[in-house]
Amino acid sequence: MNIDTIETDIAIFGSGPAGVSAAYPFLETGLKVTIFDPGAAVGAPPPGDSYLSMRTSDPAQWRHLIGPDFEALEKLDELSPKFRVPRLKHAFEGYLDRYRIECENAVVHGSLASGGLSNAWGAGVSCFDESDLAAFPIKSSDLALSYRRIAERVGLSGTSNDDLSSFFGSEVPLQASLPMDETISALFDAYRRAPDVAIGQGVRIGRPRNAVLSEPVGDRHGCKLCGQCVLGCARRSIYHSQFDLEALASRKNFAFVPGLFAETLAIEGETPVMTCTRLQDRRTVRVRARKILLACGAVGSAAIAKRALSAGGSSRLLSNPVAIFALCLPAKLGHVVPARFFGLSQLSFSLSRHGEEDLFGNLYGSHGLPISDFVRRSPFGRRSSIRLFKALMPSVVIGMIWLHSKYSQNMLHFPTDGRIVLAGGAAPNLAAQFEQARTIIARVFRRYGAWMIPKTFTIGPPASDSHYAGTLPMSSAPRTGECDRDGEVLGLPNVHVVDGAALPAIPAKPHTFTIMANADRIASRLAARLTA
Amino acid sequence: MGLPPDDLSPKKVVSRLTITGASGFVGRAVLAEALRRKCEVTLLGRRPSPDPNVRFHHWDMEDGVARLPHLDCDALIHVAADMRREDQAMPGVEEVARARELFELCPSNALIIFVSSRASGTDAPTRYGRVKSQIERLVEARGGIVIRPGMVYSAQRGRDLHSRLRGLLAKLPVIPDFLPHPVVQPIHVDDLARAVVRCAAERLPAGIYRLGDPEGVTFTEYLRLIARLQLSVWRPRVPMPAALVRLALPLLRLLPLTGSVDPVSLKSLLSSTTMSAAADLAALQLQLRPLRDGLRPSGRWQLRELIMEGSALTSYLLGRRAPTNLVKRYARAIMKVTDGTPLGIRTFYVTFPKLVRLCEGRGFFGSRRDPQLEMRLDIAILLVESSTFSATQFMQTRRVHAFAAAAAMFMALLVDLVFQIAAMAKKPSIRDEY
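Source: prediction; values computed, not measured. (Residues numbered from 1 in each chain as written. Chains lettered and ligands numbered in written order. Predicted model: local features only at pLDDT ≥ 70, side-chain atom pairs only at ≥ 80, totals over all residues. Heavy atoms only, no water.)

K.L.:
Could you clarify how one ought to interpret the overall build of chain B in this entry?
P.N.:
For chain B, the helix and strand inventory stands at 16 helices and 13 strands. Summed over all atoms, the accessible surface of chain B reaches about 20000 Å², with 56% contributed by carbon and sulfur. (Helix = DSSP H or I, 4+ residues; strand = E, 2+ residues; numbered from the N terminus. Areas by Shrake-Rupley, 256 points an atom, 1.4 Å probe, with all protein chains shown as cover.)

K.L.:
Would you mind showing me how to read the packing of aromatic side chains here?
P.N.:
The geometry of an aromatic ring pair is captured by two quantities: the separation of the ring centres and the angle between the planes. Residue and element names in this part refer to chain A. Applying the stated criterion across every chain, the model contains 25 aromatic pairs over all chains. When the centroid spacing of 5.7 Å and the interplanar angle of 20° are considered together, the rings of W62 and F70 count as stacked. No difference in accessibility class separates W62 from F70, as the two residues are buried. Ring centres of F360 and W402 lie 5.8 Å apart, and the angle between their planes is 20°; this geometry places the pair in the stacked category. Of this pair, F360 sits in strand β12 (residues 356–365) while W402 sits in strand β13 (residues 396–403), and the two are 42 residues apart along the sequence. Of the two residues, F360 and W402, neither departs from the other in class, the shared state being buried. Through pairs of rings, three or more aromatic residues link up here, namely F167, F168, F360 and W402. Across the ring face of F167, the terminal group of K509 is positioned such that the distance to the ring centre comes to 4.7 Å. (Phe/Tyr/Trp six-rings, centres within 6.5 Å; stacked < 30°, edge-to-face > 60°. Buried < 20%, exposed > 50% of the residue type's maximum accessible area, 1.4 Å probe, protein only. Lys NZ or Arg CZ within 6 Å of the ring centre and 35° of its normal.)

K.L.:
Teacher, can you tell me more about the side chain of S118 of chain A here?
P.N.:
All names here are of chain A. Within the secondary structure, S118 sits in the loop between β3 (101–104) and α6 (140–154). The buried category is assigned to S118, whose relative accessible area is 5%. Of the polar contacts made by the side chain of S118, one reaches the backbone oxygen of G115; its length is 2.5 Å. When neighbours within four sequence positions are excluded, S118 is seen to be in contact with P17, Y239, H240 and S241. (Polar contact = N/O pair within 3.5 Å; in protein donor to acceptor, adjacent residues only side chain to side chain. Contact = heavy atoms within 4.5 Å.)

K.L.:
I would appreciate a short explanation of the interface of chain B and chain A in the present structure.
P.N.:
Where interface size is given, it is often the accessible area lost as the parts come together that is meant. The interface is formed by 45 residues belonging to chain B together with 42 residues belonging to chain A. Roughly 4100 Å² of surface becomes buried between chain B and chain A when both sides are summed, with 65% attributable to carbon and sulfur atoms. The largest per-residue losses of area from chain B upon contact with chain A belong to R362, L382 and Q396 of chain B, which jointly make up 17% of the total buried on that side. Across the pair E360 of chain B and R382 of chain A runs a salt bridge whose closest N-O atoms are separated by 2.5 Å. In this assembly, chain B and chain A are joined by 23 residue pairs in polar contact (both at pLDDT 80 or more). Among the elements of the structure, α11 (301–318), α12 (324–337), α14 (371–385), α15 (391–394) and α16 (402–426) of chain B are those that each provide at least two residues to the side of chain B that touches chain A. By residue class, the composition of the side of chain B that touches chain A is 21 nonpolar, 12 polar and 12 charged. (Buried area = accessible area lost by both parts, 1.4 Å probe. Salt bridge = Lys/Arg side-chain N within 4 Å of Asp/Glu carboxyl O. Nonpolar A, V, L, I, M, F, W, Y, C, P; charged D, E, K, R; others polar.)

K.L.:
In this structure, what is going on with the sheet that holds strand β5 (residues 111–115) of chain B? I would like to understand it.
P.N.:
All names here are of chain B. Overall, parallel pairing links the seven strands, which are arranged β3-β2-β1-β4-β5-β6-β11 in an open sheet. If you trace the sheet from one side to the other, it starts and ends with β3 (55–58) and β11 (207–211), each paired once. Looking at each pair of strands side by side, their axes are set apart by 20° on average, direction ignored. The sheet contact formed by strand β6 (residues 145–149) and β11 spans five bridges and is parallel. Residue pairing across strands places R148 opposite R210, the latter belonging to β11. Taken strand by strand, helix α2 (residues 92–105) contacts β1 (16–20), β2 (40–45), β4 (75–78) and β5, and its axis lies near 165° from that of β4. (Pairing = 2+ DSSP bridges. Axes fitted to C-alpha atoms, helices over the stretch in contact; angles between N-to-C directions.)

K.L.:
What's the story with a positive patch on the surface in this structure? I'm lost.
P.N.:
Together, R28, R46, R47 and R159 of chain B line one region of the surface with positive charge. Within the element layout of this structure, R28 of chain B appears in helix α1 (residues 25–36). (Patch = residues over 30% accessible without salt bridge, like charges linked within 9 Å, V, L, I, M, F, W, Y side chains within 5 Å. Lys, Arg positive; Asp, Glu negative; His and termini not counted. Charge placed at Lys NZ, Arg CZ, Asp CG, Glu CD.)

K.L.:
Would you explain the packing of α6 of chain A against helix α15 (residues 512–530) of chain A in this entry?
P.N.:
For any two helices packed against each other, the geometry is given by the interaxial angle and the distance between the axes. All names here are of chain A. Put simply, α6 and α15 touch, their axes get as near as 8 Å, and they point 115° apart. The angle between the axes of α6 and α15 places the two elements in the roughly perpendicular class. Between α6 and α15 the crossing geometry is right-handed. Note on element contacts: α15 touches α6 through F513, T514, M516, A517, N518, D520, R521 and S524, opposite D142, L143, S146, Y147, R149, I150, A151, R153 and V154. (Parallel < 35°, antiparallel > 145°, perpendicular 65-115°, else oblique. Left-handed = near helix turned anticlockwise from the far one by under 90°.)

K.L.:
I keep staring at unusual backbone geometry and nothing clicks. Help me out?
P.N.:
Where the residue is not glycine, phi is negative for most of them; where a peptide bond is considered, it is trans in most cases. For the bond from L179 of chain B to P180 of chain B, the omega torsion is -10°, close enough to zero to count as cis. Its place among the elements puts P180 of chain B in the loop between β8 (175–179) and β9 (183–184). Phi is positive for F70 of chain A, which is not a glycine, with a value near 60°. With respect to the element layout, F70 of chain A can be found in the loop between α3 (61–65) and α4 (89–92). With a relative accessible area of 4%, F70 of chain A lands in the buried category. One non-glycine residue, A463 of chain A, adopts positive backbone phi at about 70°. With respect to the element layout, A463 of chain A can be found in the loop between β17 (458–459) and β18 (495–497).

K.L.:
Which parts of the structure should I look at to understand the nonpolar core?
P.N.:
A general trend in soluble globular proteins is that nonpolar side chains are found buried together. I12, F13, F26, M274 and F513 of chain A are the most contacted members of the largest nonpolar core, which totals 101 residues. Element by element, the count of residues in this core is highest for α15 of chain A, at nine residues. When near neighbours in sequence (up to four residues on either side) are disregarded, M274 of chain A contacts F13, A262, T264, L265, V285, R286, V287, I292, L294 and I304 of chain A. Counting 80 residues, the second largest nonpolar core, distinct from the first, contains V85, L164 and C328 of chain A together with V350 of chain B. (Core = buried A, V, L, I, M, F, W, Y, C linked by side-chain atoms within 4.5 Å.)

K.L.:
Teacher, can you tell me more about the packing of α2 of chain B against helix α3 (residues 127–141) of chain B here?
P.N.:
All names here are of chain B. Where α2 contacts α3, the two axes come as close as 9 Å, and the packing angle between them is 25°. Taken together, the axes of α2 and α3 lie roughly parallel to each other. The two elements α2 and α3 meet at a crossing, and its hand is right-handed. Counted together, G92, E95, V96, A99, R100 and F103 of α2 and R127, V131, Q134, I135, L138 and V139 of α3 form the full contact between these two elements. Each residue belonging to the contact of α2 with α3 can be placed in one class, and the counts come to seven nonpolar, two polar and three charged.

K.L.:
Help me understand the sheet that holds β3 of chain A in this model?
P.N.:
By definition, the strands of a sheet pair up through backbone hydrogen bonds, in either a parallel or an antiparallel sense. Residue and element names in this part refer to chain A. The sheet built from four strands is open, its strands ordered β3-β15-β14-β9 with mixed pairing. What marks the edges here is a single partner per strand, and that holds for β3 and β9 (313–317). Strand-to-strand twist of the sheet, defined as the mean angle between neighbouring strand axes without regard to direction, takes the value 20°. Sheet topology places β9 next to strand β14 (residues 410–414); five bridges connect them, and they run antiparallel. Of the residues in β14, the one forming a bridge with L317 is N410.

Here it is in structure tokens:
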């Protein structure tokens, strides 16, 4: 049987935000870097016109919203509309089958497509401060430079002078925040007039920080508020790691090899070797490198490493338990769907309890969301519910909240037969935590003229948040199944974890930016050592 | 469905058949069945078959047999009949004489099979029935077989009685509910044809075979099924005492809608009694296809059902009649994401889609949930929303006063409450129970 072999200095498995972030430092030193990924087929291009224009004048809009093969109808139970987008079907399909993942009381999302979960992320970003990094073997100063480099490359928009600026970290370059729509703006204005009401309850509200351009950078355009964020950003304003792959393609010491699925990892002497399957023809390809970096996502990277260690067994999968809710601002009844709006997070808030900020939330406008999602959950007849929500929706704001990963107790099991079993779990007091949070949030927003709509507060199933981490956590004294501060897995020399698997905790904050910065940090340290 | 497999063993096969009336409704089916069984067929009639293997002799009932050769056949299947109105048809004695002449042209050992009628009788109220009865006696004298079918029907349209009823029902705004309920005993034309050809090909014993649904269905139910399955419409039922209808029969010709109704056929229908068919069906080992299956148009009936279903559900959600492309999209979606089995929706809801609300399993007073219906509505609403003509239904694109918006919400909930109360009383099902 012919087996192809690829030799490279640095082999990075995974082309998501972590993988591409790890590539840059090595490339700067002249080392040969190759990124591998399974590279599933690309979906249809995103809609070119604005959401409102599409809805009122495009007779083929159903192809974008439902899919030419009615793909969205097969995902009616998905809580988040992101995972129903038909053109993104390619990004998610095959993931469970390929990894042979079985879920028990959990919902897991992953992607084999180039770009990984950046195909469908909410683009929220945040720096971790010292308290967030308490469980890490690194300090915030170790990440500062990486945060800046990533921010300059990716392009962030946000504010550095409101009540949430310190929460997100204030030492990264920012473009101007994207404007809020009328309803959310009214809510924020009410907060700014009387912030003590919220702060007294432990709530701080401010503008979000997003990896979305408000001004053009290179061939990426600034956001023009077309409202198509969920269906896809035709202007390339929302960061996608595919943009980095395109930028790296021109570098002579860079190669991108899609279509390979990493199967098994072995160490030959001190050299790590990954055996892959080329999906196109099922040929075996061996990849030998001085360093192998795992950026396959917390689940994938853990599976590869655990099996290479013959450890099998189990590991904890951290996630941020999530809930959604809807608020209504009665003062905005009768208003219209705006022609222009931003479809991702427009306002953020944090909740501190017992001296710890353990809850983070985002508020989104409701305009780009199908009211069918609300009608389907309404206790009234659908026709009446359509009339009801049509009148109601311009005054509605959607909220999502995430709790600290300490409230998740998901376990990944790696039986010897090659399956991965994800058993969803939560801390015993999770429901009580959410109930308390719900009460506080509802009370605070009510003081600002926003009423939580009854029966809309919905807790997502375990792991449905897609914030996965901690399966191969960094530690100052790593044990089997853990890695050191350079992400090197104990027992697997020259194999480094650079994705969410390396994070020993995820606070109630967006964590992708920190994953990218950590990948940059690790790669910078390794590159310096390799070229020393 | 239909008959058990035919016995085609060489000893019993009688392969040379002569058929009359092959251009008619029953005759066409008999010819098709005979050819399927690879019989040698000779047609007697006014038009030859396009099949070059079928022999043809021109024969017009009015002209007699003078120009016909001796019929060298194993069996004669006599289907031809003068179906014209009584005032236009040939005298009954002539038609009987023609039949006698035909029988005498056949070899003495040829089996005569005569397709008669349930209306046959010496004292039948119609010329048709009386002629059938007289010809039956000729056949019995020859030791032949008489087939008395009930209401012969098919999914195709033609000039037969069933098709005329269908055409009339398409124009009538109601379904007449005759009281007392006359009963019809349907038999699909293909089932009848198979029985007839089997009798001929296998030389079954002589006698009268009564073929039709042994239990029968009321005429009203028969019409309702035509409306449901063939016309896809709903019609309210209106009670009509049969005695009054008989009195009014002469007036039917004068009315625009009922002008095409043959009062004699209707009179015969109202007067006919149930024939006991069970024993004869058993003797022929004949299993009739269910009426609902036989009435459905052949081919893509599932798609048609889904289009009806889509029309009702999307029109309900949209608040007005949904456009065709949306309804078809619904049907395609259901076939793609489910097993494609239609709900079997009652046509009442296709006509009055707003009343689908009564069947939704939502409310505060406890309601019956149909999980399939709920799922289909969830699919339908996503499809309806993803269209330009629903944009103003689903999105507030015109600024209104907050009070007006609140009033619209209140009215929506009030209307829903009324439906919920109504659903408590009636608890209807979306599905047809046929």
